[in-house]
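Report on the structure
Residues per chain, in single letters:
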Amino acid sequence: MNKKTSLLTVLVILFFNFFAFSQDDFTQYVNPLIGSDSSHELSNGNTYPAIALPWGMNFWTPQTGKMGDGWIYTDKNSGLVGIRQTHQPSPWINDYGAFSIMPITGKLKVLENERKSQFNNLQVLPHYYKVKLIDSKTTVELTPTKRSAHFKIEFPKDSDSHLVIDAFFKNSTIKVLPKENKIIGVSKNNSGGVPENFSNYFIIEFNTPFDEFGTWDGKGKIYPTAELSGKHVGSYVSFINNKNNVVEVRISSSFISHEQAQINLDREIPKNQTFEKTKALAKEVWNNELSKIKVKPALSDTFENKKDYFKAHETAKSNVIKFYSSFYRTLLFPREFHEYNSKGEQIHYSPYNGKIEKGPLYTDNGFWDTFRAVFPFYTLMYPEKLGEILQGIMVNPYKESGWLPEWSSPGHRDCMIGSNSASIIAEAYLKGINNFDIETAYQGIINSSNNEGPLSSVGRKGVKEYNSLGYIPFDTSVNESVARTLEYSYNDYCIWKLAEKLERPEEEITRFRNRSFNYKNVFDSSTNFMRGKSSDGNFESPFRPDKWGGVFTEGSAWHYTWSVLHDPQGLINLMGGRENYVRKMDQIFTSDPSSDYSYYGFKIHEILEMEIGGMGQYAHGNQPVQHAIYLYNYAQEPWKTQEKVRYVMDNLYGSGADGYCGDEDNGQTSAWFVFSSLGFYPVAPVTGQYVIGSPLFEEVTIELSNGKELKINAKNNSAKNIFIKDFNFNQLQYNKNWLDHADLREGGVIDFEMSSTPNFNWGSDKSSVPYSMSENE
């Protein structure tokens, strides 16, 4: 090694050590704008910059899209129309209880197109947003609490300055209280999933008197009145010839009442609390969470020139940003929907029955996505918190509606398939999380397994056919029949294992065990694909494995054939053995990204994202196939998992606004990255096993909630050294290609040794593979 190369190596090592370990502020590594460069036609995440606290009831975000448009924010839009309180979990689900504020100067303008301003984002962090409104030469700062927010607005001196409040469409009310320097309002806008009496009651308090005020309607007509109600109303306050050009605003809201909103505001941002204090507290909350996992970037050991040095620098920085930004997204949903009354008691407005109920409530989650990695992450990192979440997102909704949710926002929404609530509940309880009402939760599981619900996403659509035939035929009125069959089969496996743990009657245990094999009923051995089957037992014809939709959900046979999370060995057997299975797996990545999209009539965005991804038929931008890369471990070829996992992390995730390769979906696509960068992933969450991949970082330190520490070292890790050469767990040689949840919760030290070439002997014998139902029961 020459002196020049040695010096570069030393400089990079010194830089990385400083970069990873000498910082106290982890929020600086989070980019909330990742994924926001999206549209209806193409998703790079379909996110917005959520300025919020973990699991916060209210998020805040800059708004560039039109009111009612699910794409709230994108740099591509021509200007900022407001800073918005939002509860939107996905653009496809849309928002509820939204309202916004917008500072302007000069002539009063109230409608979105009129008040819109060019802007420059000065700082965008999880706990802090600062923006320059170019048209009005005004700077806005924002920092959140769980149910409130603190604004600092700096208008130009000696200007006529206004703050426009937009209570949004679909019925709203606004009232100005000038003697109290306050505005109160009600926003009733929603996109479904609520009773008639749903309202978001908001309070806006100013630290200085305003000179003028008024109200306005959706047509832009301005009224010299303090109160207005209608389909779309708003208000404004004005500071004329403003000498004290800095105005602080405290805002809170409640789904219960204005009185409760005031309690929320006074508890979370006391009247005399400074903006800087609120900001510091919000930053502390995020750092407390993000610092629970500390990462050190992997190093290349030599650099031939400055170009390689700077490339390594940027890659290391990007990987850290991708990790902490993914961590941030994993902690946003589900949101707390409950509040605390004057006695400090947990209460909530129920979007299920319209009543005020006691106890926690959580919402804004689609379990079809998040059962895969988000909830498993919580079992590892937040088991105590998860117990409360399950009481609030499963048990209480079941008590209040008679059904377990599958997609809630804030109440039941008719979206996606499966009864994956069973996976989440069973996984948690089997992993020892019992601080929730498991008996009621189990009642809900059994109810869903036996009945169709009032919405197609609740209960089990096609349950009569599934329970009698063992599959859902394609020639019935039930669409997505194969996808439903496969998901119900895994869900039944989850119920079986939970029923055993709860010592349920033998008949009940056996019933769900038998149904766990139902995936076999839609497997076609002549093609080695999952395939639609008719009521009389014939497979659907003609058949194209790349046909999207129809019997599948947002995917094709290339994706759903691998939806046998609990029994990959059973799938191997169906395919005629390990070699056939591996050959079919390889073909996912080597086949052209062709598609028959005739079911939709156009290329849905998931198809375009698969084509752009450059991995053949592998569609990482959607959830059904995200686990498939890890299935090589079950077929005793873990080096293929290692190679492809690293490719996805390096190429299908980024640190900019286009940083995802598809919908981020309530933390799921982020949680995949978090797990994978640690070096393992929960393919079948209920089994309690994590399948080993290829770690992204040189060192990781995880602080577990039980006070123990898990250390992950990856010696010689680099962009080229992606294969596992050797593996030790607590200084003992370890040849299994999976890890056990209970072992990880005990803490310890994991030592990877990485290499640029595969070790075909590590994790490749039959005794090394993870659990499969056919093999282990």
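Residues numbered from 1 in each chain as written. Predicted model: local features only at pLDDT ≥ 70, side-chain atom pairs only at ≥ 80, totals over all residues. Heavy atoms only, no water.

1. Side note on the overall build of the chain
This is how the line gets drawn: The helix count covers DSSP runs of H or I at least four residues long, the strand count covers runs of E at least two residues long, and both are numbered beginning at the N terminus. Each radius of gyration reported is based on C-alpha atoms, and the globular scaling rule is 2.2 Å times the count of residues to the power 0.38. Here the term buried applies to any residue with accessible area under 20% of the maximum for its type, exposed to any over 50%, and partly exposed to those in between, with areas from a 1.4 Å probe on protein chains only. Contact between two residues is taken to exist if any of their heavy atoms lie within 4.5 Å; hydrogens are not considered. Each accessible area value is a Shrake-Rupley result obtained with a 1.4 Å probe; residue values ignore everything except the protein chains displayed when judging cover.
Across its full length, the chain carries 21 helices and 34 strands. Against the globule reference of 28 Å for 777 residues, the chain gives a C-alpha radius of gyration of 27 Å, in line with a compact fold. Reported as C-alpha extents along the three principal axes, the dimensions of the chain are approximately 80 × 75 × 50 Å. Relative to its full complement of 777 residues, the chain shows a buried share of 65%. Look at the contacts in the chain between residues 6 or more apart in sequence, and 71% of them connect residues 24 or more apart. Of the roughly 26,900 Å² that the chain leaves accessible, carbon and sulfur atoms contribute 48%.

2. Some thoughts on the packing of aromatic side chains
What counts is decided by this rule: Geometry of aromatic contacts follows a simple scheme: Phe, Tyr and Trp rings, the Trp one being its six-membered ring, pair when their centres are within 6.5 Å, and the pair is stacked under 30 degrees between planes, edge-to-face over 60, tilted otherwise.
In the structure shown here, the tally under the stated rule is 59 aromatic pairs. Their ring planes at 65° and their centres at 6.2 Å tell us that Tyr73 and Phe119 sit as a pair that is edge-to-face. Of this pair, Tyr73 sits in the loop between strand 1 (59-63) and strand 2 (82-86) while Phe119 sits in strand 4 (residues 119-125), placing them 46 residues apart in sequence. Residue Tyr73 is classed as buried on the basis of its relative accessible area, which comes to 2%.

3. Considering the side chain of Ser235
Here Ser235 lies in strand 15 (residues 233-242). Apart from the residues lying within four places of it in its own chain, the contact partners of Ser235 are Leu163, Val164, Ile165, Ile174, Val176, Ile183, Gly214, Thr215 and Trp216.

4. Some remarks on helix 3 (residues 258-268)
For the record, the criterion: Any N or O atom pair separated by 3.5 Å or less is treated as a polar contact, with the protein-specific requirement of one donor-capable and one acceptor-capable atom, and with residues adjacent in sequence counted only for side-chain atom pairs.
Buried within helix 3 we find His258, Gln260, Ala261, Gln262, Asn264, Leu265 and Glu268. Those residues of helix 3 hidden inside the fold are in contact with strand 7 (148-154), strand 10 (182-187), strand 11 (200-206), strand 16 (246-254), strand 19 (339-340) and strand 20 (346-349). With a side-chain oxygen positioned 3.4 Å from the backbone nitrogen of Glu259, the residue opening helix 3 is Ser257.

5. Quick look at the sheet that holds strand 28 (residues 689-692)
Counted only if it meets this: Between any two strands, pairing holds if DSSP finds at least two bridges.
Strand order in the open sheet made by the 3 strands is 27-28-33, with antiparallel pairing throughout. A strand with exactly one partner marks an edge of an open sheet, and here the two such strands are strand 27 (680-681) and strand 33 (738-740).

6. With respect to the pairing of strand 7
Most of strand 7 sits out of view: 6 of its 7 residues are buried. Pairing geometry for strand 6 (residues 138-144) and strand 7, over 6 bridges, is antiparallel. Opposite Leu142, over in strand 7, you have Phe151 as the bridge partner. Between strand 6 and strand 7, which pair antiparallel one after the other, the connecting turn spans 3 residues. Note: strand 7 against strand 16, 7 bridges, orientation antiparallel. When the sheet's bridge partners are listed, His150 is paired in strand 16 with Arg250.

7. Focus on the packing of helix 7 (residues 374-381) against helix 8 (residues 383-401)
Basically, it comes down to this: In this analysis an axis means a line fitted to C-alpha atoms, helices contributing only their contacting stretch, and an angle means the value between N-to-C directions, from 0 to 180 degrees. Our angle categories are set so that under 35 degrees counts as roughly parallel, over 145 as roughly antiparallel, 65 to 115 as roughly perpendicular, and the remainder as oblique. Residue classes follow a fixed rule: Ala, Val, Leu, Ile, Met, Phe, Trp, Tyr, Cys and Pro count as nonpolar, while Asp, Glu, Lys and Arg count as charged, and any other residue, Gly among them, counts as polar.
As a packed pair, helix 7 and helix 8 sit with axes 6 Å apart at the nearest point and diverge in direction by 130°. Accordingly, the angle class assigned to the pair helix 7 and helix 8 is oblique. Across the interface between the two elements, Phe375, Tyr378, Thr379, Leu380 and Met381 from helix 7 touch Pro383, Leu386 and Ile389 from helix 8. For the contact of helix 7 with helix 8, the class distribution of residues is 7 nonpolar, 1 polar and no charged.

8. As for the confidence of the model for the chain
Residues shown with low pLDDT carry predicted positions that ought not to be read at fine detail. Our working definition: Scored between 0 and 100, pLDDT is the confidence that the predictor attaches to each residue.
Put simply, the chain has an average pLDDT of 95, and 96% of its residues get 70 or more. A low-confidence stretch, residues 1-5 (pLDDT under 50), is modelled with 7 contacts involving residues beyond four sequence positions or located in other chains.

9. Some remarks on the pairing of strand 16
Burial analysis of strand 16 places 8 of its 9 residues in the buried class, which makes it a mostly covered element. Where strand 11 lies against strand 16, 6 bridges are found, and the strand directions are antiparallel. Paired with Tyr201 across the two strands is Ser254, which belongs to strand 16.

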